[in-house]
Amino acid sequence: MDRKAFFLIAALAAAPAAAQRTEAQLECRFTGTDFVYDCALRLERGATPIEGARVTVGADMPSMPMAHHVRPVEAKPGAAPGEYRFRLALEMPGEWAVKLRLDGPVREQLVLRYEFDDKGARPAVRRARK
Amino acid sequence: MDAYAVSVLTNIGLLGFLALSAYLVLLAGEMSFGQQAFFGIGAYCGGMLTAMAGWPLPLAALAAMAAGAAAAVAVALPTLRLRGLYFAMATLAAAEMARIGFELLHWQVEVAGEPVGPDGTQGFRGIRWVFEAGLAPEGYAVLVWTALAAVTALLAVAERARLGATLRAVGEDPALAAALGLDVHRFKLGVIAASGGLAALGGVLFAHHNTYIEPRNFDVMLGVHGLAYALIGGLGTVFGALVGVALDVGLLEGVRVFQGYRMIVFGGLVALLLVLRPRGLLDEETVRWIGRRFS
Amino acid sequence: MLADLLQNTLDGLAAGASYAPVALGFALIFGVLRRANLSYGPAIMLGCYAAALAHGRFPGLGLGALAAIALLAAVLAGAYVERLCFAPHRRGSAVAAMVASFALWMQLEEIATLMLPRHVVAFPALYEGEPLAIAGLVLRVEALAAIATAAAVCALLAAILYRSRFGLAVRALVAAPLAAELSGIRPARVFFLVFALASAIGGTAGFLVAATDAQITPMMGLWLTFKGLLATMLGGLGSLPGAVAGALVLGLVEAHAQWFLGPQLRDFVVYLLLFSLLAAAPRWMRTPSPS
């Protein structure tokens, strides 16, 4: 994570073109129904919120990417600029690769890895396997 | 068409390559738990060639197929004299070594100011050739299915020709095939090379569909699913493998009633199906029966 | 350096002792049925999930009662797998039986996640005190329990196979299936009981592993099947003493490789060892009878 932050800062300082990288932050709340989450997504490009984008959100399981594949949903613009809200219904808890597709003012495709459980979602950390 | 339907169709096509490669090995009389490694090698090779070296996708796909075929031969050369579970375990061990190899692979280059390339367990982001070429999901689904149709047609023609009969003879009774003057070992190696290349082609297309791959994508679950698809679809025809994939990914995933219980339904269905038809839905007898109807 | 080597060896033997009953159950099924049961681990996992569920509902239950629940549920799940995947394919295709057992694996795993949807489920700990220190070496109390359990399981299995009528029937079926059937042994019944026995052994082993870790995840099924398969393979498929030896070798290789090379290369070394053994010495890998 630190290294990524370093890259970002280095890139911001060095090349303005590199600042055009899209940054996405995801926050999810468990709804109480099994494996359904209410999520808020923040999109930025070079510290400017991305507004008016059409955002489609899908999810795949890393260990069976093509067979466990969640029906993509369209995100709705949230209250804050650059915020998008959507409801994600997963098949089971655990790690998921959340796939974002942006159309409109910004065309982009991003994959975020998050771990989902009954407390919500956190960026997945890689533990050594047992 | 609905975006979800397009993505499901693409997934069926991608898994179709894997199931076909498992089917080829099964026909040759062996069972592989390791086809996911060649799928992964294809994904990594193809992704690195387009994203890091700037190759166009078709060229990268050919190179990745060659790498997948070479890897399959390298695994089979020392292990092909093993039979049954022994061969399956050898392929599994090789595939797990390949997966750990992906975990250890750190090689990134700067592309447009961003590091691009495999970053161990953190995965390999930014395989954007298809995205940047402006190909929409529908277009990509057509591309995947065209490639799959071409491969399937090729295999179907080969099956109707003498090659198919030879393959089944080698798979079902290698001693008899050898007595008839066939070089069984070399023939099997050829089939395994083809299976590795096919899996790799699926892998390249998967990597460019997803734009992101990671070592865990290619663990044993993927390979065993491919094997299961080939077997439940049936060993009588090349179309069986595709029927197997469509049954799981298309039918069961498409029917939302099974949401949350899909694997319970699928697991039970497969086990029951195999009781009734141990060589799958479209087994040899059924295929002959259908063939008589239409000739 | 020497202390590290000794400590690794001790840890490896302890891990090997916890693998040994897992491998024994797997090898028992393979040795008698000549079929690999991929659902072996998931059935045991389901047993542990049942115990965890009971622990959550009735916190007063002791470890003994929970172990009994885990064992019983594992045997039931194992019996279900046998009926659906192995009984119908007894004379038929080994591939079909194996793929069917894989299909039920998916099913058992989903049942487990529906029972307890959390990704990591708390499990009552076997022992919460400090580990023992002997002559500068650290020995966990759980390891002692694993070693004692492995020894007890080996002794009990040997007694069943060599001292009981059932054991005689099993050995007869393996050595001369046709002659055994002609002398009135019913293979279907014997195979079913072998499955139940293997599930009970595996259930014991799985419960011990879960209680040592004080947690279970849906990955446990894969873990158990893999450890059983690897140890059985390393020891020469189908031989019971070989399975125990394979389990100890697996534990030792893992412990040393982890210490010197780290966790990723640890797994790599294990697979490399298995691949090399298969490629270089296929004859070593062929032991005909399970005795």
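Every value quoted in this text rests on a predicted model; they were computed, and no experiment measured them.

**Observations regarding the overall build of chain A**
Step number 1: If you tally the helices and strands in chain A, you get 1 helix and 10 strands.
Step number 2: Written out in order from the N terminus, the α and β elements of chain A read α-β-β-β-β-β-β-β-β-β-β.
Step number 3: Considering chain A as a whole, with its 130 residues, one finds that 50% of them fall into the buried category.
Step number 4: Put simply, chain A shows about 6,600 Å² of open surface, and 56% of that area lies on carbon and sulfur atoms.

**Here we look at the interface of chain C and chain A**
Step number 1: Between chain C and chain A, the contact holds 10 residues from the first and 10 residues from the second.
Step number 2: Of the roughly 1,000 Å² buried between chain C and chain A on both sides combined, carbon and sulfur atoms contribute 50%.
Step number 3: Where chain C meets chain A, there are 0 salt bridges.
Step number 4: In this assembly, chain C and chain A are joined by 0 residue pairs in polar contact (both at pLDDT 80 or more).
Step number 5: At the level of secondary structure, the elements contributing two or more residues to the side of chain C that touches chain A comprise helix H8 (187-213) and helix H11 (263-280) of chain C.
Step number 6: Looking at the side of chain C that touches chain A, the element that brings in the most residues is H11 of chain C, giving 3 residues.
Step number 7: Partitioning the side of chain C that touches chain A into residue classes produces 4 nonpolar, 2 polar and 4 charged.

**Topic: the sheet that holds strand S4 (residues 54-60) of chain A**
Residue and element names in this part refer to chain A.
Step number 1: If you trace the 5 strands from one edge of the open sheet to the other, you get S5-S4-S8-S9-S10, paired in antiparallel fashion. Single-partner strands in this sheet number two, and they are strand S5 (69-74) and strand S10 (120-123). Between one strand axis and the next, the sheet turns by 30° as a mean value, whatever way the strands run.
Step number 2: Here strand S9 (residues 108-117) runs beside S10; their pairing, made up of 4 bridges, is antiparallel. Directly across from Asp117, in S10, lies its bridge partner Gly120.

**Focus: the interface of chain B and chain C**
Step number 1: The partner chain C presents 39 residues to the 41 residues of chain B that form the contact.
Step number 2: Taken over both partners, the interface formed by chain B and chain C buries close to 3,700 Å², and the fraction arising from carbon and sulfur atoms is 82%.
Step number 3: On the surface where chain B and chain C come into contact, there are 5 residue pairs in polar contact (both at pLDDT 80 or more).
Step number 4: Elements that contribute at least two residues to the side of chain B that touches chain C include exactly helix H3 (57-79), helix H4 (84-104), helix H10 (220-233) and helix H12 (262-276) of chain B.
Step number 5: No other element matches H4 of chain B, which puts 12 residues into the side of chain B that touches chain C.

**So, unusual backbone geometry**
Step number 1: Residue Ala47 of chain A is not a glycine yet carries a positive backbone phi of 70°.
Step number 2: Of note, Ala47 of chain A is situated in the loop between strand S2 (36-45) and strand S3 (48-49).
Step number 3: When its relative accessible area of 67% is taken as the criterion, Ala47 of chain A is described as exposed.
Step number 4: Positive phi, close to 60°, is recorded for Ala214 of chain C, a residue that is not glycine.
Step number 5: Within the element layout of this structure, Ala214 of chain C appears in the loop between H8 and strand S4 (215-216).
Step number 6: Looking at Ala214 of chain C, the relative accessible area reads 29%, which means it is partly exposed.

**Observations regarding a nonpolar patch on the surface**
Residues and elements named next belong to chain C.
Step number 1: A cluster of nonpolar residues, Met1, Leu2, Leu5, Leu6, Trp259, Phe260 and Leu261, forms a patch on the protein surface that exposes about 750 Å² of accessible area.
Step number 2: Residue placement: Leu2 occurs in helix H1 (residues 2-33).
Step number 3: Take Leu2: its relative accessible area is 61%, and that puts it in the exposed class.

**Thoughts on the environment of Arg71 of chain A**
Step number 1: Turning to its location among the elements, Arg71 of chain A is positioned in strand S5.
Step number 2: Along the chain, Arg71 of chain A and Lys99 of chain A lie 28 residues apart, while their C-alpha atoms are 11 Å from each other.

**As for the confidence of the model for chain B**
Step number 1: Confidence along chain B averages 91 in pLDDT terms, with 97% of residues attaining 70 or more.
Step number 2: Here the prediction assigns the complex a pTM of 0.90, and the interface score ipTM is 0.91.

**Observations concerning the pattern of salt bridges**
Step number 1: Scanning the model with the defined rule gives 29 salt bridges over all chains in all.
Step number 2: Glu95 of chain A is the partner of Arg216 of chain B in a salt bridge, and the nearest nitrogen-oxygen pair spans 2.9 Å. Placement of the pair is Arg216 of chain B in the loop between helix H9 (184-210) and H10 and Glu95 of chain A in strand S8 (residues 94-103), with the two residues belonging to separate chains.
Step number 3: For Glu95 of chain A, a relative accessible area of 10% puts it in the buried group.
Step number 4: Note that Glu284 of chain B and Arg168 of chain B form a salt bridge whose closest N and O atoms lie 3.2 Å from each other. Separated by 116 residues along the polypeptide, Glu284 of chain B in helix H13 (residues 284-293) and Arg168 of chain B in helix H7 (residues 162-172) bring together distant segments of the chain. No difference in accessibility class separates Glu284 of chain B from Arg168 of chain B, as the two residues are buried.
Step number 5: Where salt bridges share partners, they join Glu159, Arg168, Glu172, Arg279 and Glu284 of chain B into one cluster.

**Considerations on the state of the cysteines**
Step number 1: Summed over all chains, the structure comprises 1 disulfide over all chains.
Step number 2: With a sulfur-sulfur separation of 2.2 Å, Cys28 of chain A is cross-linked through a disulfide to Cys39 of chain A. Disulfide Cys28 of chain A-Cys39 of chain A: torsion about the S-S bond near 110°, hence right-handed. Here Cys28 of chain A is found in strand S1 (residues 22-30), whereas its partner Cys39 of chain A is found in strand S2, with 11 residues between them in sequence.
Step number 3: Residue class for Cys28 of chain A comes out buried when judged on its relative accessible area of 11%.
Step number 4: Cys39 of chain A sits in the buried class, given a relative accessible area of 1%.
Step number 5: Cys154 of chain C provides the cysteine sulfur closest to Cys48 of chain C, a residue in no disulfide bond, and the two sulfurs are 19 Å apart.

**Quick look at the packing of helix H1 (residues 3-27) of chain B against H9 of chain B**
Residue and element names in this part refer to chain B.
Step number 1: Running from N to C, H1 and H9 point in directions that differ by 165°, and their axes come no closer than 8 Å. When the axes of H1 and H9 are compared, the pair comes out roughly antiparallel. In this structure, H1 crosses over H9, and the sense of that crossing is left-handed. Contacts from Thr10, Asn11, Leu14, Phe17, Leu18, Leu20, Ser21, Leu24 and Val25 of H1 reach H9 at Val191, Ala194, Ser195, Leu198, Ala199, Leu201, Gly202, Leu205, Phe206 and His209.
Step number 2: Here the residues of the contact of H1 with H9 sort into 13 nonpolar, 6 polar and no charged.

**Overview of the environment of Gln264 of chain C**
Step number 1: Residue placement: Gln264 of chain C occurs in helix H11.
Step number 2: Counting along the chain gives 202 residues from Gln264 of chain C to Gly62 of chain C, while the straight-line C-alpha distance between them is 37 Å.

**Focus: the packing of aromatic side chains**
Aromatic ring pairs: the centre-centre distance and the angle between the two ring planes describe each pair.
Residues and elements named next belong to chain B.
Step number 1: On inspection of all chains with the given rule, the structure shows 14 aromatic pairs over all chains.
Step number 2: Ring centres of Phe39 and Phe206 lie 5.8 Å apart, and the angle between their planes is 35°; this geometry places the pair in the tilted category. Here the residue Phe39 occupies a position in helix H2 (residues 35-51), and Phe206 occupies one in helix H9, the gap between them amounting to 167 residues.
Step number 3: The exposure class assigned to Phe39 is buried, which follows from its relative accessible area of 0%.
Step number 4: For Phe206, a relative accessible area of 1% translates into the label buried.

Conventions and cut-offs
Once a new chain begins, its residue numbering starts again from 1 and follows that chain's sequence as written. Lettering of chains starts at A and numbering of ligands starts at 1, both following the order in which they are written. Since the coordinates come from a predicted model, pLDDT governs what is reported: local features require at least 70, and pairs of side-chain atoms require 80 or more to be given and counted, while whole-chain, interface and lining totals use all residues. Here the side-chain values reflect all heavy atoms present in the structure, with hydrogen atoms and water set aside. A helix here means a DSSP run of H or I that spans at least four residues, while a strand means a run of E at least two residues long, and both kinds are numbered starting from the N terminus. The buried label goes to any residue with under 20% of its type's maximum accessible area, the exposed label to any with over 50%, and the partly exposed label to all in between, with areas taken from a 1.4 Å probe on protein chains only. Each accessible area is a Shrake-Rupley result for a 1.4 Å probe, and residues are judged covered by the shown protein chains and nothing else. Should any heavy atoms of two residues lie within 4.5 Å, those residues are counted as being in contact. In this description, buried area is defined as the sum, over both parts, of the accessible area (probe of 1.4 Å) that is lost when the two are combined. When a carboxyl oxygen of Asp or Glu is within 4 Å of a side-chain nitrogen of Lys or Arg, the pair counts as a salt bridge. Throughout this description, a polar contact denotes any pair of N or O atoms lying within 3.5 Å of each other; where both atoms belong to protein, one of them has to be capable of donating a hydrogen while the other can accept it, and for residues adjacent in sequence the pair is counted only when both atoms sit in side chains. For this scheme, ten residues count as nonpolar: Ala, Val, Leu, Ile, Met, Phe, Trp, Tyr, Cys and Pro. Four count as charged, namely Asp, Glu, Lys and Arg, and the remainder, Gly too, count as polar. In this analysis, strands are considered paired if DSSP registers two or more bridges between them. In this analysis an axis means a line fitted to C-alpha atoms, helices contributing only their contacting stretch, and an angle means the value between N-to-C directions, from 0 to 180 degrees. By definition, no residue in a patch forms a salt bridge, and every one has over 30% relative accessible area; like charges are joined within 9 Å, nonpolar side chains (Val, Leu, Ile, Met, Phe, Trp, Tyr) within 5 Å. Across the chain, each position has a pLDDT score giving the predictor's confidence in that residue, from 0 to 100. Disulfides are defined as pairs of cysteine sulfur atoms found within 2.5 Å of each other. If an angle is under 35 degrees, it is roughly parallel; if it is over 145, roughly antiparallel; if it lies from 65 to 115, roughly perpendicular; otherwise it is oblique. Put simply, a crossing is left-handed when the front helix is turned counterclockwise from the back one by less than a right angle, and right-handed when it is turned clockwise. Note on ring pairs: Phe, Tyr and Trp rings are taken, using the six-membered ring of Trp, and paired if centres are within 6.5 Å. Classes follow the plane angle, with under 30 degrees stacked, over 60 edge-to-face and the rest tilted.

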